[in-house]
Structures are given as C-alpha cells and as structure tokens.
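Chains, contacts and geometry: an overview
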Amino acid sequence: MCDRCHATYSDHFLRWLIAAIILFTLAQIIEKPDWKAILREWKVLLILSVLGIIGYNILLYDALYFTTSLDAALINSVNPAMIAIFAA
C-alpha cells in the first residue's frame, strides 16, 4: 500500500477512537453496564469488534479505489436495511 493510504487509515483510526471515547462515556452514564458480565465475554467481543468495525471500514475504504463514491454510498446506505432483513 502507499504512504498516503497509511495516513488515511491513521486518520480514520483517530476519528473512531475519539467517537469510541465519547460513546463509551455516554454509555457508562446512561446504560450503567454490568462490567463483570462484559469482561467474561471479552474474547468474543474483541473478535466481533475487530471484524465488524475495523474489517468493514478497511474494506469499504479500499473498495472506493475500484468504484464510484455514488455506488459506495448506495451500498453503505442499504446495509442497515439488509442487516435488519437478515437478522429477522
């Protein structure tokens, strides 16, 4: 990969890190999670987060080199509906 790609990935990592800190703080205040139950399942949660967040975003950003932004936006906006359909 090119040097510019690594800068892009680090930018996206920082964006997600800042969002995660904000959301973690809000979830702690609003939801008050059971940390013992969460820590029991940390391996599963780590695998799901790596595959779901990191994998999805890297594949999406890499796919933009091969398609137009309109196609990527259409696919990205259809994803929540498809998740709901397949989850039912």
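Whatever comes next refers back to the structure up there.
In what follows, the accompanying structure is described. Everything numeric here is computed off the predicted structure, so don't read it as measured data.

A short note on the overall build of the protein
A count of helices and strands for the protein gives four helices and zero strands. Secondary structure elements in the protein, listed N-terminal to C-terminal, are α-α-α-α. On C-alpha atoms alone, the protein measures out to a radius of gyration of 16 Å, which is more than a quarter above the 12 Å that the 2.2 N^0.38 rule sets for 88 residues. Its C-alpha atoms give the protein principal-axis dimensions of roughly 45 × 35 × 25 Å. Looking at the protein residue by residue over its 88 residues, the buried ones come to 8%. On the protein, roughly 7,600 Å² of surface is accessible, and the fraction owed to carbon and sulfur atoms is 76%. Of the charged side chains in the protein, 6 are positive and 7 negative, and the gap between their average positions amounts to 11 Å.

Rules behind the numbers
Residues numbered from 1 in each chain as written. Predicted model: local features only at pLDDT ≥ 70, side-chain atom pairs only at ≥ 80, totals over all residues. Heavy atoms only, no water. Helix = DSSP H or I, 4+ residues; strand = E, 2+ residues; numbered from the N terminus. Rg over C-alpha atoms; globule rule 2.2 N^0.38 Å. Buried < 20%, exposed > 50% of the residue type's maximum accessible area, 1.4 Å probe, protein only. Areas by Shrake-Rupley, 256 points an atom, 1.4 Å probe, with all protein chains shown as cover. Lys, Arg positive; Asp, Glu negative; His and termini not counted. Charge placed at Lys NZ, Arg CZ, Asp CG, Glu CD.

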